[in-house]
There are 2 protein chains.
Amino acid sequence: MIDISDRIRNKAYMSRVTTAEEAAKLIHPDDIVAVSGFTPAGYPKAVPLALAKRIEREHFQITLYAGASIGDEIDGALARVHGISRRFSYHTNKDLRREINDGSVAYADYHVSVFAQMLREGFMKRPDIVVVEAAAITKEGNLIPTTSVGTTPAMIDVCQKVVVEINVTQPLSLEGMHDVYDIPNPPFRVPIPIVHTGDRIGKPYITCGWDKIVAIVPCDIPDAPRSFKPVDDAGRKMGNLIVQFFKDEVAKGRLPEHLLPLQSGVGSVANAVIQGLAKSDFEHLSIFTEVLQDGMFTLIDAGKVDAVSTASISASPEGLKHFYEHIDEYRKKIVIRPQEISNNPEVIRRIGAIAMNTAIEFDIYGQVNSTHICGSRLMNGIGGSGDFARAGYLTIFFTSSTAKNGAISSVVPMCSHVDHTEHDVDVLCTEQGIADLRGLSPVERARTIIANCAHPDYRDQLTDYLNRAIAATGSQHEPQLLKEALSWQQRYLETGSMK
Amino acid sequence: MIDISDRIRNKAYMSRVTTAEEAAKLIHPDDIVAVSGFTPAGYPKAVPLALAKRIEREHFQITLYAGASIGDEIDGALARVHGISRRFSYHTNKDLRREINDGSVAYADYHVSVFAQMLREGFMKRPDIVVVEAAAITKEGNLIPTTSVGTTPAMIDVCQKVVVEINVTQPLSLEGMHDVYDIPNPPFRVPIPIVHTGDRIGKPYITCGWDKIVAIVPCDIPDAPRSFKPVDDAGRKMGNLIVQFFKDEVAKGRLPEHLLPLQSGVGSVANAVIQGLAKSDFEHLSIFTEVLQDGMFTLIDAGKVDAVSTASISASPEGLKHFYEHIDEYRKKIVIRPQEISNNPEVIRRIGAIAMNTAIEFDIYGQVNSTHICGSRLMNGIGGSGDFARAGYLTIFFTSSTAKNGAISSVVPMCSHVDHTEHDVDVLCTEQGIADLRGLSPVERARTIIANCAHPDYRDQLTDYLNRAIAATGSQHEPQLLKEALSWQQRYLETGSMK
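Predicted model only: the values in this text are computed from it and were never measured.

Reading guide: rules and limits
Residues numbered from 1 in each chain as written. Chains lettered and ligands numbered in written order. Predicted model: local features only at pLDDT ≥ 70, side-chain atom pairs only at ≥ 80, totals over all residues. Heavy atoms only, no water. Phe/Tyr/Trp six-rings, centres within 6.5 Å; stacked < 30°, edge-to-face > 60°. Buried < 20%, exposed > 50% of the residue type's maximum accessible area, 1.4 Å probe, protein only. Helix = DSSP H or I, 4+ residues; strand = E, 2+ residues; numbered from the N terminus. Pairing = 2+ DSSP bridges. Axes fitted to C-alpha atoms, helices over the stretch in contact; angles between N-to-C directions. Parallel < 35°, antiparallel > 145°, perpendicular 65-115°, else oblique. Left-handed = near helix turned anticlockwise from the far one by under 90°. Contact = heavy atoms within 4.5 Å. Nonpolar A, V, L, I, M, F, W, Y, C, P; charged D, E, K, R; others polar. Least-squares fit on C-alpha atoms with pLDDT ≥ 70 in both. UniProt positions renumbered as here; feature names shortened; annotations may be inferred.

Asks: Report on the packing of aromatic side chains, specifying residues and quantitative values.
Replies: Tallied over the entire structure, the rule returns 22 aromatic pairs over all chains. Plain terms: the ring middles of Phe245 of chain A and Phe246 of chain A are 6.2 Å apart, the flat faces sit at 50° to each other, and that makes the pair tilted. Judged by its relative accessible area of 8%, Phe245 of chain A is buried. When the centroid spacing of 6.0 Å and the interplanar angle of 50° are considered together, the rings of Phe88 of chain B and Tyr110 of chain B count as tilted. One end of the pair, Phe88 of chain B, is in strand β3 (residues 84-88); the other, Tyr110 of chain B, is in the loop between β4 (106-107) and α5 (115-121), and 22 residues separate them in sequence. In this structure, Phe88 of chain B and Tyr110 of chain B share a single accessibility class: buried. Counting every residue linked through ring pairs, the aromatic cluster contains Tyr65, Phe88, Tyr110 and Phe115 of chain A.

Asks: Requested: an account of the sheet that holds strand β16 (residues 368-369) of chain B, with residues and values cited.
Replies: Residue and element names in this part refer to chain B. Strand order in the open sheet formed by 3 strands is β16-β15-β22, with mixed pairing between adjacent strands. At either end of the open sheet lies a strand with only one pairing partner, and these are β16 and β22 (411-412). Here strand β15 (residues 361-363) pairs with β16 via 2 bridges, running antiparallel. Looking at β16, one finds that Phe362 is bridged to Val368.

Asks: Tell me about the packing of helix α15 (residues 442-452) of chain B against helix α16 (residues 456-473) of chain B, residues and numbers included.
Replies: Residue and element names in this part refer to chain B. Their axes nearest at 9 Å, the elements α15 and α16 cross at an angle of 165°. In terms of orientation, α15 lies roughly antiparallel with respect to α16. Seen along the crossing, α15 lies across α16 with a hand that is left-handed. Contact with α15, carried on its side by Val443, Ala446, Arg447, Ile450 and Ala451, involves Arg459, Leu462, Thr463, Leu466, Asn467 and Ile470 of α16 and no other residues of that element. Classifying every residue of the contact of α15 with α16 by side-chain character gives 7 nonpolar, 2 polar and 2 charged.

Asks: Please set out helix α17 (residues 487-495) of chain A residue by residue, giving values where relevant.
Replies: Along α17 of chain A, the positions that sit buried rather than exposed are Ser487, Trp488, Gln489, Gln490 and Tyr492 of chain A. On the buried face of α17 of chain A, the contacting elements are β15 (361-363), β21 (408-409), β22 (411-412) and α16 (456-473) of chain A.

Asks: Please provide a residue-by-residue account of the side chain of Ser316 of chain A, values included.
Replies: All names here are of chain A. Relative to the assigned elements, Ser316 resides in the loop between β12 (305-310) and α10 (317-325). When its relative accessible area of 2% is taken as the criterion, Ser316 is described as buried. The residues contacting Ser316, other than those within four sequence positions of it, are Pro225, Arg226, Ser227, Phe228 and Asp294.

Asks: Go over the relation of the copies chain B and chain A with me, naming the residues and quoting the values.
Replies: Of the transformation placing chain B onto chain A, the axial shift is 0.0 Å and the rotation is 180°, giving an RMSD of 0.0 Å. Classification of the inter-copy transformation places it as that of a two-fold axis. Residue Glu346 of chain B of chain B places its C-alpha closer to the rotation axis than any other residue of that unit, at 1.8 Å. Counting the interface residues of chain B, we find that 100% of their copies in chain A are interface residues as well, pointing to one common contact surface.

Asks: Before we move on, can you summarise the UniProt feature "domain: Acetyl-CoA hydrolase/transferase C-terminal" (unreviewed entry) in chain A with the specific residues and values?
Replies: In the numbering used here, UniProt assigns the feature "domain: Acetyl-CoA hydrolase/transferase C-terminal" (unreviewed entry) to residues 319-465 of chain A. Split by type, residues 319-465 of chain A is 34% helix and 24% strand. Its first and last C-alpha atoms lie 45 Å apart.

Asks: Got a sec to walk through the sheet that holds strand β9 (residues 213-219) of chain A? Specific residues and values, please.
Replies: All names here are of chain A. As summarised here, the arrangement of the 7 strands in space is β4-β3-β2-β1-β5-β8-β9, forming an open sheet in which the pairing is parallel. Edge positions in the sheet fall to β4 (106-107) and β9, since each has one partner strand and no second. One ladder, built from 4 bridges, connects strand β1 (residues 32-35) with strand β2 (residues 62-66); its direction is parallel. When the sheet's bridge partners are listed, Val33 is paired in β2 with Leu64.

Asks: Can you break down the packing of helix α7 (residues 233-251) of chain B against helix α8 (residues 268-278) of chain B residue by residue, with the values?
Replies: All names here are of chain B. Taken N-terminus to C-terminus, the directions of α7 and α8 make an angle of 50°; their axes are 8 Å apart at the nearest point. As the angle between them shows, α7 and α8 are arranged oblique. Here α7 runs over α8; the crossing is right-handed. Taken together, the residues of α8 that come into contact with α7 (itself represented by Gly235, Arg236, Met238, Gly239, Ile242, Val243 and Phe246) are Val269, Ala272, Val273, Gly276 and Leu277. Per-class residue counts for the contact of α7 with α8 are 8 nonpolar, 3 polar and 1 charged.

Asks: Give a detailed account of unusual backbone geometry, specifying residues and quantitative values.
Replies: Note the cis peptide between Phe88 of chain A and Ser89 of chain A, where omega equals -5°. Assignment of secondary structure puts Ser89 of chain A in the loop between β3 (84-88) and α4 (94-100). With an omega of 10°, the peptide bond running from Pro186 of chain B to Pro187 of chain B counts as cis. Looking at where Pro187 of chain B falls in the secondary structure, it is placed in the loop between β8 (162-167) and β9 (213-219). With a phi close to 55°, His59 of chain B is a non-glycine residue in the positive phi region. Inspection of the secondary structure puts His59 of chain B in the loop between α2 (46-58) and β2 (62-66). Phi angles above zero are rare outside glycine, and His82 of chain B is one such case at about 55°. Tracing the backbone shows His82 of chain B in the loop between α3 (75-80) and β3.

Shown next as structure tokens:
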């Protein structure tokens, strides 16, 4: 058996240590089960895998709450045995995606900043049981988190039954990196006292207490991080464009010399931008974001970064290894926060974060689709992009101008699903160029987006649509041809190409 | 000449008093002119009217900035002489609307909370001249605002040339009702110290200084407030539904006994809801909003309200008269703030405002259109609805289930324009009923919205669309038939009916 005696700091409770199989029996059919984790980082593994085996034998389902995406040991393993009936509030798992898109799983995605609040408010039903990963349990029964904090504080706050997986692959040197600050429900809220990215305002542990801990399970399965696609040519171009854009903004006095705290979404383009910054002259940068990917380590290693705030360490396998090896250096600069703080609009608006996120498609007027392919098919969910896009100082979305070898134009007449409105989008970027939409009317935006961001193969087709829409509506404010607005996506569904 | 000597508290500057015609000459062709005002309240009148006359003779255009909608003396008078080439960031004027929808005026609407920030950031070009209404000028050259604060502090902050209209119809007893708190650009921001609705954190005047004041113009034209349509049967039903919904939420422990600060948009339905609250058992309510309409006075007069925070007094002619007559009572409860505070996501999220706003249409999945008729034609703009919908504790949109005598269903398969996404919408309300969307998947939302909110005449048609979309997509997450999704609005354009 895995030795976790040094991680349970009150020996009176060693008797609660049990196996994953025994702990999984505490979960009943139709239970609402809430789990820790934010991206494949800091989520429980042993109990969910045992639960999946049990469900395979006994055929039942649960409702699953996770503050964000988690590892395949939960979403994947449970989806493959059809064990999930309902799932909130963000995911990235391919097997779960299949179940969501064939009607087997009821799913809804919420902004990263609001899920904890929805639990505390009672807007979502309270979980019956919470399963969390921890590095250690303090004498008082409080939890030292591992590579994420996520929604765990709120989940434990609203539930009386907690199963703790002590993961021995998570180093104890993580202790002290977390900053857990609880937000009460209104009318009892006061200002969140973060003024600078690295400010510490809370405790290094999640409040729990021995009363709630019903089982402790040793685990030696490491986080299973995703590998990133290497940065491709388009990504490199976008990275360079955005770095140049930042330089120009500084020159124009619209951004300070050391920029403002950077938020950067998940993915290889986001990584490329960060790599571009690592090679630039920028210094004393700060990062206020929800996921820390490999690029950020490069940036920190290059001596470019003063402080990092995140909700999780979400690196590649190599990146995570690198992080663990140099944790004593990184802990000086990195603070890991609950997602209701990392993504809180109060803090984001105050510090003036620069929001950089990936789009699936955007339209000629600047509406952005982040979630659905051709209107109906869910990709992942909105995640934290909306929190940052709405409250940020400067909001940038990027995507390659085409997909599927040119068969799809990422710039379309009308988005088939809207997640971020034109009111929230300052700048769009593809490998073709940057469209700065600030202060432009819808038709001016359209001409700029087509000229600067659309792939040359689609520019004439888009301009033709725009001109006909202007003519047909008599130059109305945001001219659309309702009969044709979604025809590009429809054509792709029917013919495999938007051309 | 109108005597304003008691309103200029430094006699050394009386020489700057001039006529509206002379002051209008300070505005040059192609200038960017910024004006005070928020709704038809606290905006300059004499200089814009003189400017419109000059433009009629001399044929030139200006760019016009206003933080929100303003009176017909500006938007209407200037639009009628084709004097506006570009206009930000919100309007409600019918003549301006016509110019926007025939391509004559380049217009873009921004969230109420961000326009001041966009000016201070330099994202929008700086105004060449600012024209503001004031009740008085202090000894130091600072301005006592009138019935709104709007974006005036930021406009003056970024401009060196200010024309002040002293409006003698605005009582000097307005002094002390305003709370002007300036927000610096990041990285220099600190928490906005509002914890309770009525907290006063700033100054009772707008900082300006004599150096910037280039002309002072006496004015005796009163605010020209809008009349509201009387509350109709549908409005009354929605008011009652929402009051009952609040009672149920309190009973379920999801809202405190005295509710949370209420935000209520412009319009007769909003007024009906407030009237419903006035007749209810609720007490010690608080109002955190951007516009104070007649209904709010009823609520205050009924002794139901402890504190009110607003960006303007936007009553009907009768309501405004009532306000002026009882100003000594109202000033004990009302604080008038700059719009970047009244709509700030930091404060809204903290105090947990209940956001109640009107929709033009919403779709079966809960996306909301607040701005465009049939996709292309602008109605007004997004205003503050997005600030409150996104950051609020509970977000409600309401609209009558049909318009144009039943020819239009306000519930459609897909919105022809999206301003608020499904991620931001908790509750929808029509006179048919309430759809509580919290914790529902998209298809569950659709069934609930059709059953509870759609007009009976359209329910079968909507259900038929939903069922066919589910079948055609194989139960994808948010099933849409792209070929048909916008056909309802298209049918209305072609036949005059969605049936």
